[in-house]
Amino acid sequence: MIPGRNLAPLTAAMAAAALLAACNMVPGAGSGGGGKTAVVDDARLVAGDPSGANWLSYGRTSDEQRFSPLTQVSDANVGQLGLAWSSNLDTARGQEATPIVVDGVMYVSTAWSMVKAYDAATGKALWSYDPKVPRERLVDVCCDAVNRGVAVYKGKVYVGTIAGHLVALNADTGAVLWDKQSTPAGSHMTITGAPRIAKGRVLIGSAGAEYNTRGYLAAYDAETGAEAWRFYTVPGDPSKPQDGAHLDAAAKTWAPDAWKQGGGGTVWDSITYDPKTELIYFGTGNAEPWNPNARAATTKDGQGGDSLYTASIVAVHADTGAYAWHFQETPEDRWDFDSNQQIMVADLPASAGAAPQHVVMHAPKNGFFYTLDSATGKFLSGKPFVQGINWASGLDPVSGKPNVLQAAKYEQTKQGFVGFPGAVGAHSWTPMSFSPKTGLVYLPVNYTPQYYEADPAWKAGTTGFQLGLDVSKGAIPADKAVRAATKAALTGALVAWDPVAGKARWTIPYPGPTNGGTLATAGNLVFQGTAGGEFRAYSADAGKQLWTFPAQSGIIAAPMTYSVKGEQYVAILVGWGGVWDVSGGALAGTMTPNISRLLVFKLGARGTLPAAPASVAQVLDPPPFTGTTEIAALGGRFYANSCSVCHGVSAVAGALNPDVRHSAALSNPKLWQQIVHDGMLKEQGMVAWGTQFSAEQIEAIRQYVIQRANQDKALEGGTPAHAAAAAGTARRTG
Ligand code: CA
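Cut-offs applied
Residues numbered from 1 in each chain as written. Predicted model: local features only at pLDDT ≥ 70, side-chain atom pairs only at ≥ 80, totals over all residues. Heavy atoms only, no water. Phe/Tyr/Trp six-rings, centres within 6.5 Å; stacked < 30°, edge-to-face > 60°. Helix = DSSP H or I, 4+ residues; strand = E, 2+ residues; numbered from the N terminus. Buried < 20%, exposed > 50% of the residue type's maximum accessible area, 1.4 Å probe, protein only. pLDDT = per-residue confidence, 0-100. Contact = heavy atoms within 4.5 Å. Core = buried A, V, L, I, M, F, W, Y, C linked by side-chain atoms within 4.5 Å. Donors = N, O, S within 2.8 Å, 3.2 Å for Na, K, Ca; no water. Pairing = 2+ DSSP bridges. Arc of directions from axis to C-beta.

Quick word on the packing of aromatic side chains
Under the criterion given, the structure shown has 33 aromatic pairs. Centre to centre, the rings of Trp 290 and Tyr 452 are 6.4 Å apart; their planes meet at 55 degrees, and the pair counts as tilted. Highlighted residues: Trp 290 in the loop between β16 (279-283) and β17 (312-317) and Tyr 452 in strand β28 (residues 450-452), separated in sequence by 162 residues. On the basis of relative accessibility, which here comes to 4%, the residue Trp 290 falls in the buried class. With 5.9 Å between their ring centres and 40 degrees between their planes, Tyr 309 and Tyr 323 make a pair best called tilted. In this pair, Tyr 309 is assigned in the loop between β16 and β17 and Tyr 323 in strand β18 (residues 323-328), connecting sequence segments 14 residues apart. Looking at Tyr 309, the relative accessible area reads 3%, which means it is buried. Among the aromatic residues, ring-to-ring pairing joins Phe 527, Phe 535, Trp 547, Phe 549 and Phe 601 into one connected group.

This is how it looks when you write it as structure tokens:
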């Protein structure tokens, strides 16, 4: 030490140098508290890990193709695939996420927006994060408390929550680094989709265009969480300046007061950053409410307008969030034809014999498979990927606009319309995959017709769905022949789609809809879980089933694959739920219990699952129906339009939420009011409906459920065996 000399500046400089050195030791690791794992930077994301060892983002690569170049597991040996490890999840609700694996560590989100990290080779749990979402938010999600995945970048893991937060976690520990309220505070808006990373920013939208919502895509600084830009998909108050010129154009396609109800157009799933065009493509949800005449007091038959930019693919510039192009797949949507499904990028000819182009491929709910020019959004081709579409006779070959059939405009005909596709969609969020080796897209499709009828007396409410419909006449009666016909009409399939020829090359039929997403590999394999509880592998070229594993519970999530120290693994989340469980699956007779797990497979492994819990038949024992048929019919109308989305069509519940035909409150009118009117069970997810319905109306719903339970008791003498197991898992969920 030299006397008299101030060493403070030197010390500070040394400390700064030491910090820099520490940062440099871990390339790409975040200086803002990021961990030393999940070391993923822009270059690595853009390259997409050609080795196949890692699965760095939701769709594996930025083109969202869900294709793995790994070949260790192949069509020659997939029969030797066995359970390497598994992990029980702490929520028995719908599991929709695709895990991410970086350098031997797996990061995965589960229901209720929780995140877990594992040693990807051994299954050792490393950390977990629970945002403790208030359970009363369940009423704000159409299709269960699901989450489809996380994003990782520079030592951080990002997740969006049902409470509408975007959260950054330390990838080493799961500690919260920053936490932003992304949806408008106090709104009904939620987040279920996976964030994406583009040029140092985290991109996220919001869920649910069935509620009073205004859709947007927001970009946040990945390091600090500062909001960089927000692109609204539907116009705001026209008496004030709009947020961008694109909304001035959009405002002309809406009635002037439509904005008061939100407008919908939420960005609830697909977000694709294309490094080649430097554009971000995203899909938007339905216009809200569904019924065009309910979108505004001033809207009359046929005057609703196209409702831009709902049911569209939109492209914005990655740096600024400025509008680049849009393509509206379903103008003036009235059937819930969300265009949120995964937007896949590829270089291929738009038709046979044409030169390869850089295109986006899309299979939205409306049933047509589109290819568009990625730079301009120009329509290149659109072919039906399901049979029996009855809302449009086809697409204009030049513009791609649908030729909408008059009978489908139920708000104009004033008639009920059994439409196909329905709101479940010919294809929804369950991811498709593309193999460059076969040139085929592996597409999970649904055959789920839906009843639409306008409610001319509809008024906007504050809780639950805002549709402008009366779907009570679509309820399924207690009639064995009708139920059998319903079950037969509701099916699904895996379709191997040739996007160049515009036709299916092979198809695997399934007895029910909403089977899982798909994974394609260079080992000539396609993996998919089924609603019936199997995890299967098919040959990618011919669709021959080569392997199956009994997963004990239905699967809706998509599989993924990775390798650690040269050994290939295949992983999938199990746990059926989502829209079909809560809306109609029970009556379709395709129910499976929810046993939520993460399953991981490798060649030669011989792991087993614990024996599935025995199901016990639960006998219906309702009080006698003493009400009037008029009151029960009124209650049935309220039930169909506000309750059925969670508790099931015709009061027959799926695996996740209580079957109200078994409720003890059926014989206790006071308790029924405490639950339904006052919200006594809101901490279990059942909110108060007293703001929406009077006590008399809530009593009418009780009368309807008693009547339904007695009808089913007479019909069945009990309920399907799954109901008892479901009741157990629902309690476990809390
Ligand atoms: Ca929707």
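So, the confidence of the model for the chain
For the chain, per-residue confidence averages 89 on the pLDDT scale, and residues scoring 70 or more make up 91% of the total. Low pLDDT, under 50, characterises residues 1-31; the predicted model gives this stretch 15 contacts beyond four residues in sequence or across chains. In this model, residues 718-734 is a region of pLDDT below 50 whose contacts with residues beyond four sequence positions or in other chains number 31 contacts.

Overview of the nonpolar core
Formed by 71 residues in total, the largest nonpolar core has its most connected members in Met 106, Tyr 107, Phe 527 and Tyr 562. For this core, the leading source of residues is strand β36 (residues 567-574), giving 6 residues. With 52 residues, the next largest nonpolar core counts Phe 385, Phe 420, Tyr 447 and Tyr 452 among its residues.

Quick word on the coordination of the calcium ion
Ideal coordination angles are 109.5 degrees for a metal with four donors arranged tetrahedrally and 90 or 180 degrees for a metal with six donors arranged octahedrally. Bound to the calcium ion are the protein donor atoms Glu 210 (OE), Asn 286 (OD1), Asp 336 (OD), Asp 338 (OD) and Asp 338 (OD), situated 2.2 to 2.6 Å from the metal. The motif formed by the donor residues of the calcium ion, counted along the single chain, is E-x75-N-x49-D-x1-D. Residue Glu 210 is found in the loop between β12 (201-204) and β13 (216-221), and its partner Asp 336 is found in the loop between β18 and β19 (344-349); the two are separated by 126 residues along the sequence. The two residues Glu 210 and Asp 336 agree in class, both being buried.

Comments concerning the sheet that holds strand β33 (residues 534-539)
Read from one edge of the open sheet, 5 strands run β1-β31-β32-β33-β34, paired in mixed fashion. At either end of the open sheet lies a strand with only one pairing partner, and these are β1 (67-68) and β34 (545-550).

A look at helix α9 (residues 669-676)
Those residues of α9 not exposed but buried are Trp 672, Gln 673, Ile 675 and Val 676. Angular distribution of buried residues about the axis of α9 spans 165 degrees; they occupy a single face of the element. Of the surrounding elements, those touching the buried residues of α9 are α10 (695-716).

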